[in-house]
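Residue-level structural notes
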Amino acid sequence: MDIFIGDERACDERGAQEFAKQISSKPASVLGLATGSTPEGIYERLVDKYKAGQVSFASVKTFNLDEYLGIPINHVSSYSYYMYDKLFNHVDIQKDNINLLCPCPNSIDKECMDFEAAIKACGGIDLQILGLGPNGHIGFNEPGTPFESTTHLVELTESTIQANSRFFESPDQMPRQAITMGIKTIMQAQRIILMAKGQKKAQIIKEALTGPVTTRVPASVLQLHPNVLVILDRQAAAML
Ligand code: GLP
């Protein structure tokens, strides 16, 4: 496991460089993308690199980690909206190559199975970016999720509802359920970047990287992956 520690600007640049490098070595790369505040700077820089002619998404395929359930697809707090707003609307990605979980599927089981099948049909994910929930979740794999899990329905924990309700007009509008790639799905990516910023992530980063590998801290499973880069700002790295 490689660890990069720097200020926020250096972290965002390192993350963006990793994606640019991946795409230039394989233009038809399959990227696993995350939402939340942590990767926003990476997406901003990727848009800049695209505008500067340094990277093209023309053949890239993407799969997003997770999505809330029970909101319209164009809801401003949906992860679908986030991805178009922060990245897809500003680069040359083809719409057919974007894979987002639907927040209002007809059948949740089918949505999960189709998503897994689509990842397999593309040959798997080359590079996956992950943020980290304050309780150690990756995607929406909450503590206790089996490491063997594939894409599935999640009942969000109280701590996640509290942490994420700031993105909704009021806490009672925050969905209680989500769909997420499973831990097994994530672990099958060729390369994974885990990124965390801020002092509020310091304790969970310490547990995830140096504590026991346990389903109680979902991100601790990354200790078992052979190709992980951890990108931390100094505050998130403070307890290492
Ligand atoms: C959400 C997402 C996670 C993300 C986490 C951290 O819960 N489902 O994939 O990693 O938020 O968010 P932030 O980056 O805003 O701290």
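In what follows, the accompanying structure is described. It should be emphasised that the depicted structure is a prediction, and the values quoted were computed from it without experimental measurement. (Residues numbered from 1 in each chain as written. Predicted model: local features only at pLDDT ≥ 70, side-chain atom pairs only at ≥ 80, totals over all residues. Heavy atoms only, no water.)

Once that is clear, we can look at the pairing of strand β6 (residues 127-130). Of the two faces of β6, the one lined by L127 and I129 and the one lined by Q128 and L130 are each fully buried. Bridge count for strand β2 (residues 30-33) against β6 is two bridges, and the pairing is parallel. Bridge pairing links L31 to L127 in β6. Looking at chain direction, β6 and strand β9 (residues 191-196) are connected through four bridges and run parallel. Within β9, the residue paired with L127 across the bridge is R191. (Buried < 20%, exposed > 50% of the residue type's maximum accessible area, 1.4 Å probe, protein only. Helix = DSSP H or I, 4+ residues; strand = E, 2+ residues; numbered from the N terminus. Pairing = 2+ DSSP bridges.)

The next thing to look at is the packing of helix α2 (residues 40-51) against helix α3 (residues 79-86). α3 packs onto α2 with a crossing angle of 40 degrees between their chain directions and a minimal axis gap of 10 Å. Contacts between α2 and α3 involve E40, Y43 and V47 on the former and, on the latter, Y82, M83 and K86. Taken together, the residues of the contact of α2 with α3 sort by class into four nonpolar, no polar and two charged. (Axes fitted to C-alpha atoms, helices over the stretch in contact; angles between N-to-C directions. Contact = heavy atoms within 4.5 Å. Nonpolar A, V, L, I, M, F, W, Y, C, P; charged D, E, K, R; others polar.)

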